[in-house]
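What follows is each chain in one-letter form.
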Amino acid sequence: MTIGVFDSGKGGEIVAKRLRRFFPKTEFVVVNDHQHLPYGDKTPAEITRLTDRAIQPLIQRRDIKIIIIACNTATAVAIAYLRAKYPERSFIGFEPAIKPAASGTRAKKIIVLATPATLQSAKYLALKKRFAKNVTVIEPDCSTWAAKIENGEFREEDLLPVLDLARREQVDKIVLGCTHYLDIENDLRRKLPPTIAVIEPIAAIARRLDDIMRGMC
Ligand code: DGL
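Residues numbered from 1 in each chain as written. Predicted model: local features only at pLDDT ≥ 70, side-chain atom pairs only at ≥ 80, totals over all residues. Heavy atoms only, no water.

## Topic: the site of the ligand
So, step 1. In the region of the ligand, 14 residues are neighbours, and Ser8, Tyr39, Asn72, Thr73 and His180 sit closest.
So, step 2. Measuring from a nitrogen atom of the ligand, one finds a side-chain N or O atom of aspartate 7 at 2.9 Å.
So, step 3. Burial of the ligand by the protein amounts to 100% of the accessible area it has alone, namely 300 Å².
So, step 4. Applying the majority rule of atoms within 2 Å of the grid points places the ligand in the largest cavity. (Near = heavy atom within 4 Å. Polar contact = N/O pair within 3.5 Å; in protein donor to acceptor, adjacent residues only side chain to side chain. Areas by Shrake-Rupley, 256 points an atom, 1.4 Å probe, with all protein chains shown as cover. 1 Å grid on protein atoms, 1.4 Å probe; cavity = no way out; pocket = protein on both sides within 12 Å on 5 of 7 lines; lining within 4 Å. Sits in = over half its atoms within 2 Å of the grid points.)

Below, the structure written as structure tokens:
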């Protein structure tokens, strides 16, 4: 089976690489929209239009039945539109892992790292309302991160405000709510005390993909 993967930038390759470990026999075809990155500072209408355009190479391939929107930003604002427009495809989206973080926090305080567009989206706000009612969710400004990571310009110093915040606020979970941030996951883990867990969504996405693929056999 061939699976399509989309992100505005390098998040798609990072996600595909990790998914290949779970599905070594599956082919992953990745497309991006490097030219228009970052999506995170654009309006929902722009993100939807750009995403729809960028996934056309996947839509045109009849053998691709499943498309992973490996972009929290595009998922947050465009996935409902894409599902309605292309009902013959199954779309899997990425959402900040609020549910496991909020249900597992003892500190009752978590940090979510995501783009401005994700954090402002109705989908994200609904997720928070549903699963993090009694939890303080801190959302530091990461607006420059995706472009810096994309261009190989992200430096250790860029992590410092988040590291300070995590220690000061004594959170115990940090959610990676943007696939670009998977690129700095190891640096983040290394610099945090072991009491703070970094939550990334790949295993959950792999389970979802497995379910959908089984349903198609
Ligand atoms: N990788 C995308 C995400 O998961 C965002 C990058 C961007 O702002 O374009 O949200």
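Right, picking up where we left off after that structure.
## Some details on empty space enclosed by the protein
So, step 1. Tallied over the full model, the rule gives three cavities of 30 Å³ or more.
So, step 2. Taken as a whole, the largest cavity encloses approximately 70 Å³ of empty space.
So, step 3. Forming the boundary of the largest cavity are 13 residues, of which Ser8, Thr73, Thr115, Cys178 and His180 lie nearest the centre.
So, step 4. Split into classes, the residues belonging to the lining of the largest cavity amount to five nonpolar, seven polar and one charged.
So, step 5. A class-by-class count of the residues in the lining of the second largest cavity yields five nonpolar, three polar and one charged. (Points joined across faces, edges and corners; volume = space filled by probe spheres on them. Nonpolar A, V, L, I, M, F, W, Y, C, P; charged D, E, K, R; others polar.)

## Things to note about unusual backbone geometry
So, step 1. A cis amide bond, omega 0°, links leucine 37 with the succeeding residue proline 38.
So, step 2. With a phi angle near 60°, lysine 108 is a residue other than glycine that sits in the positive phi range.
So, step 3. Tracing the chain through its elements places lysine 108 in the loop between helix 5 (98-104) and strand 5 (109-113).
So, step 4. Even without being glycine, glutamine 170 reaches a positive phi, approximately 55°.
So, step 5. Here glutamine 170 is to be found in the loop between helix 9 (156-169) and strand 7 (173-176). (Helix = DSSP H or I, 4+ residues; strand = E, 2+ residues; numbered from the N terminus.)

## Some words on the nonpolar core
So, step 1. Of all hydrophobic cores here, the largest spans 42 residues; its most connected members are Ile68, Leu113 and Trp145.
So, step 2. Elements supplying a minimum of two residues to this core: strand 1 (2-7), helix 1 (11-22), strand 3 (64-69), strand 5, helix 8 (145-150), helix 9, strand 7 and helix 11 (202-216).
So, step 3. It is helix 11 that provides the largest number of residues to this core, a total of six residues.
So, step 4. By size, the runner-up hydrophobic cluster in this structure holds 20 residues, among which are Tyr39, Ile55, Leu58 and Ile59. (Core = buried A, V, L, I, M, F, W, Y, C linked by side-chain atoms within 4.5 Å. Buried < 20%, exposed > 50% of the residue type's maximum accessible area, 1.4 Å probe, protein only.)

## Digging into the packing of helix 1 against helix 11
So, step 1. Interhelical geometry of helix 1 versus helix 11 gives an angle of 60° and a closest axis separation of 10 Å. Compared by their axis directions, helix 1 and helix 11 come out oblique. Crossing of helix 1 against helix 11: the hand is right-handed. Contact with helix 1, carried on its side by Val15, Arg18, Leu19 and Phe22, involves Ile202, Ala203, Ile205 and Ala206 of helix 11 and no other residues of that element. (Axes fitted to C-alpha atoms, helices over the stretch in contact; angles between N-to-C directions. Parallel < 35°, antiparallel > 145°, perpendicular 65-115°, else oblique. Left-handed = near helix turned anticlockwise from the far one by under 90°. Contact = heavy atoms within 4.5 Å.)

## Notes on the packing of helix 2 (residues 44-54) against helix 4 (residues 72-85)
So, step 1. Two numbers describe how helix 2 lies on helix 4: the axes approach to 9 Å, and their chain directions differ by 60°. For the element pair helix 2 / helix 4, the angle class is oblique. The way helix 2 lies across helix 4 gives a crossing that is right-handed. Touching Pro44, Ile47, Thr48, Thr51 and Asp52 of helix 2 are Thr73, Ala74, Val77, Ala78, Tyr81, Leu82 and Lys85, all from helix 4.
So, step 2. Its residues assigned to classes, the contact of helix 2 with helix 4 shows seven nonpolar, three polar and two charged.

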